[in-house]
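So you can see what is in the structure, the chains are spelled out below.
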Amino acid sequence: MRKTLITLLAGMALLTSSSLATPWTHRFEMGEDASSTIYHFYQVKQNGQTTRIRAVWNGGAQNKPTVTDYLLEDGKITIRHSTGERKDIAKLTAGQDAPLKLDEEYTIDDKSTNAPTAKPNINSSQLVDLQNLIYLLSQEREAIKKVAK
């Protein structure tokens, strides 16, 4: 069952489309209310494999922005939760880099999810992160048009 989860995630990553060589190739955003939006950025290789996803919450009206990065590598997923500064919201929501404070980072690999026990060796917040990743991989997203310099 655990191996099935990793296989499912890898398969969904391969089903995504690819078109550009820029760091972020696709995006979509989802509004929560008048001041709160979550911006999603995808890095997809020419072969269609998604290698990285970034979810940026703008912080709403008064909170600091939060960033969750998902790095998808062969046999493992690294998840980073970070916090930015309000002065950098415009950069972050445009898919640009800005200084971030790392709050948490961990890796889920085949060993974490392929244990011989009935439960994967991950905690409930890591399970939520995996559910969010599956959701993000399932979303339709628009390609980011490359701007001529």
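Located above this text is the structure these notes cover.
Counting restarts for each chain, with residues numbered from 1 along the sequence as it is written. This being a predicted model, a pLDDT of at least 70 is required before a residue's local features are given, and a value of 80 or more before pairs of side-chain atoms are given or counted; all residues contribute to the totals for chains, interfaces and linings. Excluding hydrogens and water, the side-chain values take into account all heavy atoms of the structure.

Examining the pairing of strand 2 (residues 37–44)
Selection rule: Whether a residue is buried, partly exposed or exposed follows from its accessible area with a 1.4 Å probe, protein chains only, as a fraction of its type maximum: under 20%, in between, or over 50%, in that order. Each helix is a run of DSSP H or I of at least 4 residues and each strand a run of E of at least 2, with the numbering of both proceeding from the N terminus. Strand pairing is assigned whenever DSSP identifies at least 2 bridges connecting the two strands.
Where burial is concerned, most of strand 2 is hidden: 7 out of the 8 residues are buried. Where strand 1 (residues 26–31) folds back on strand 2, the antiparallel hairpin that results is connected by 5 residues. Judged from the 7 bridges that link them, strand 2 and strand 3 (residues 50–57) form a sheet pairing that is antiparallel. Residue pairing for strand 3: Val 44 is matched across the bridge by Thr 50.

Some remarks on the pairing of strand 5 (residues 76–83)
Where burial is concerned, most of strand 5 is hidden: 6 out of the 8 residues are buried. Examined bridge by bridge, strand 5 and strand 6 (residues 101–109) share 8 bridges and lie antiparallel to one another. Residue pairing in the sheet places Ile 77 in a bridge with Ile 108 of strand 6.

Re the packing of aromatic side chains
The condition that has to hold: Any two rings among Phe, Tyr and Trp, with Trp reduced to its six-membered ring, count as a pair given centres within 6.5 Å; such a pair is stacked if its planes are under 30 degrees apart, edge-to-face if over 60, and tilted if neither. By definition, being over a ring means that NZ of Lys or CZ of Arg is both within 6 Å of the ring centre and within 35 degrees of the ring normal.
Scanning the entire structure with this criterion turns up 2 aromatic pairs. Ring geometry for Phe 28 versus Tyr 42: centroids 6.4 Å apart, planes at 25°, classification stacked. Within this pair, whereas Phe 28 is found in strand 1, its partner Tyr 42 is found in strand 2, the two being separated by 14 residues in sequence. Both residues of the pair, Phe 28 and Tyr 42, count as buried. Positioned above the aromatic ring of Tyr 42, the side-chain terminus of Arg 141 is 4.0 Å from the ring centre.

Comments concerning the nonpolar core
Basically, it comes down to this: For our purposes a nonpolar core is just a set of buried Ala, Val, Leu, Ile, Met, Phe, Trp, Tyr and Cys residues, chained together by side-chain atoms within 4.5 Å.
Counting residues in each nonpolar core, the largest one holds 15 residues, and the members touching the most others are Ile 53 and Leu 133. Elements that contribute at least two residues to this core include exactly strand 2, strand 4 (66–73), strand 5, strand 6 and helix 4 (124–138). Counting residues in each nonpolar core, the second largest holds 7 residues, with Trp 24, Tyr 39, Phe 41 and Val 67 among its members.

Observations concerning helix 4
Put simply, the rule reads: For a helix, the expected span equals 1.5 Å multiplied by the residue count minus one. The directions from the helix axis to the C-beta atoms are what the arc is built from.
For helix 4, built from 15 residues, the straight-helix expectation of 21 Å at 1.5 Å per residue is met to within 8% by its first-to-last C-alpha distance of 21 Å. What helix 4 keeps buried is the set Gln 126, Asp 129, Leu 130, Leu 133, Leu 136 and Leu 137. Buried residues of helix 4 fall within an arc of 120° about the axis and therefore sit on the same side.

Side note on the environment of Glu 105
The line we're drawing: The contact criterion used throughout is that any non-hydrogen atoms of two residues lie within 4.5 Å. Any pair of N or O atoms that falls within 3.5 Å is considered a polar contact. Within protein, one atom must be able to donate a hydrogen and the other to accept it, and sequence-neighbouring residues count only if both atoms are side-chain atoms.
When you line up the elements, Glu 105 lands in strand 6. Taking relative accessible area as the criterion, Glu 105 reaches 41% and is therefore assigned partly exposed. Ignoring sequence-local partners within four residues, the contact set of Glu 105 consists of Thr 78, Ile 79 and Arg 80. Within the structure, the side chain of Glu 105 is placed 3.1 Å from the side chain of Arg 80, a separation counted as a polar contact.

Quick notes on the sheet that holds strand 6
Here is the rule we go by: Only the stretch in contact is used when fitting a helix axis, every axis being a line fitted to C-alpha atoms; angles between N-to-C directions are given from 0 to 180 degrees.
Taking strand neighbours across the sheet as the criterion, the 7 strands line up as 6-5-4-3-2-1-7 in an open arrangement whose pairing is antiparallel. Each end of this open sheet is capped by a strand with a single partner; those strands are strand 6 and strand 7 (142–143). Pairing between strand 3 and strand 4: 6 bridges, direction antiparallel. Residue pairing for strand 4: Arg 52 is matched across the bridge by Leu 71. In the packing of helix 4 onto the sheet, contacts are made with strand 1, strand 2, strand 3, strand 4, strand 5 and strand 6, and the angle to strand 4 comes to roughly 75°.

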